[in-house]
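Single-letter residue listing:
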Amino acid sequence: MATKHAPTRPPILVAEGEADALADLAVAVADRHPLVSRLLLEELDRAELRRPHEIPPDVVTMGATIEFMVEETREQRTVELVYPRDADIAQGRVSILTPVGAGLLGLRAGQSIAWPDRGGHPRTLTIVRVVRPD
């Protein structure tokens, strides 16, 4: 599969109801997590919203398991994107309210995004594979 490297943020798809819930969550945590709140709201603002059944199976949604690569280190990781209450890094469940979680949302297999890590350093994340729950 060809990888699409993007110096800017690639187009993303988000389910309508999921976008509403995530926007509410981002606003609610803005005081405690201003960077991630801002990043998530920016992503939701630029996302193409679709009905849930119109989201292709290779798009990252909440509850999806994502295999991705950090291009700078060639590190490959597999995580499940979850709401904060379900996060457990030891189990590979990453909160949407982390920089990497917010950056993965809405991407498709093969897409890359330039995205800051927890320390604010730019990283390029490339989606290798997406497995969504039934």
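On a predicted model such as this, the values are computed, not experimentally measured, just so you know. Position numbers for residues start from 1 in each chain and track the written sequence from start to end. Thresholds applied to this predicted model are a pLDDT of at least 70 for local features of residues and 80 or more for the giving and counting of side-chain atom pairs; totals over whole chains, interfaces and linings are not thresholded and use all residues. Heavy atoms from the whole structure form the basis of all side-chain values; hydrogens and water molecules are not counted.

## Focus on the packing of helix α1 (residues 16–28) against helix α2 (residues 34–46)
Two numbers describe a pair of packed helices, the interaxial angle and the distance between the axes. Condition: Note on definitions: angles span 0 to 180 degrees between N-to-C directions of axes, and those axes are lines fitted to C-alpha atoms, for helices only across the stretch in contact. A run of H or I in DSSP counts as a helix once it spans at least four residues, and a run of E counts as a strand once it spans at least two, with each numbered from the N terminus. For classification purposes, an angle smaller than 35 degrees is called roughly parallel, one larger than 145 roughly antiparallel, one from 65 to 115 roughly perpendicular, and anything else oblique. Take the far helix as the reference: if the near one is turned anticlockwise from it by less than a right angle, the crossing is left-handed, and if turned clockwise, right-handed. Should any heavy atoms of two residues lie within 4.5 Å, those residues are considered in contact. Think of it as three bins: nonpolar holds Ala, Val, Leu, Ile, Met, Phe, Trp, Tyr, Cys and Pro, charged holds Asp, Glu, Lys and Arg, and polar takes everything else, Gly as well.
Between α1 and α2, whose axes approach to 9 Å, the crossing angle comes to 155°. Comparing their axes, α2 and α1 come out roughly antiparallel. Note that α1 runs across α2; the crossing there is left-handed. Residues A19, L22, A23, A26 and V27 of α1 pack against S37, L40, L41 and L44 of α2. Split by residue class, the contact of α1 with α2 holds 8 nonpolar, 1 polar and no charged.

## A look at the pattern of salt bridges
Note the threshold: The salt bridge criterion pairs a side-chain nitrogen of Lys or Arg with a carboxyl oxygen of Asp or Glu, the two atoms within 4 Å. Under the scheme applied here, a residue whose accessible area is under 20% of the maximum for its type counts as buried, over 50% as exposed, and between as partly exposed, the area being computed with a 1.4 Å probe on protein chains only.
According to the stated counting rule, one finds 12 salt bridges in the structure shown. With its nearest N and O atoms 2.8 Å apart, the salt bridge here joins E43 to R46. Linking E43 with R46, this pair stays in helix α2, spanning 3 residues, or about one helical turn. Here E43 falls in the buried class, since its relative accessible area comes to 0%. Residue D86 is joined to R85 by a salt bridge in which the shortest nitrogen-to-oxygen separation is 3.9 Å.

## Observations concerning the environment of P10
By the element assignment, P10 lies in the segment before β1 (13–15). C-alpha separation for the pair P10 and R74, spaced 64 residues apart in sequence, amounts to 20 Å. Beyond its immediate stretch of four places on either side in the chain, P10 contacts R46, L107, Q111, S112 and I113.

## Here's the deal with the pairing of strand β6 (residues 112–116)
Defined as follows: At least two bridges found by DSSP between two strands is the condition for calling them paired.
When β6 meets strand β7 (residues 122–131), the two strands line up antiparallel, connected through 5 bridges. Bridging from a neighbouring strand, W115 pairs with R123 of β7. Between β6 and β7, which pair antiparallel and follow one another directly, the connecting turn spans 5 residues, one of which, G120, has a positive phi of 85°.

Taken by themselves, the reported measurements are silent on function.
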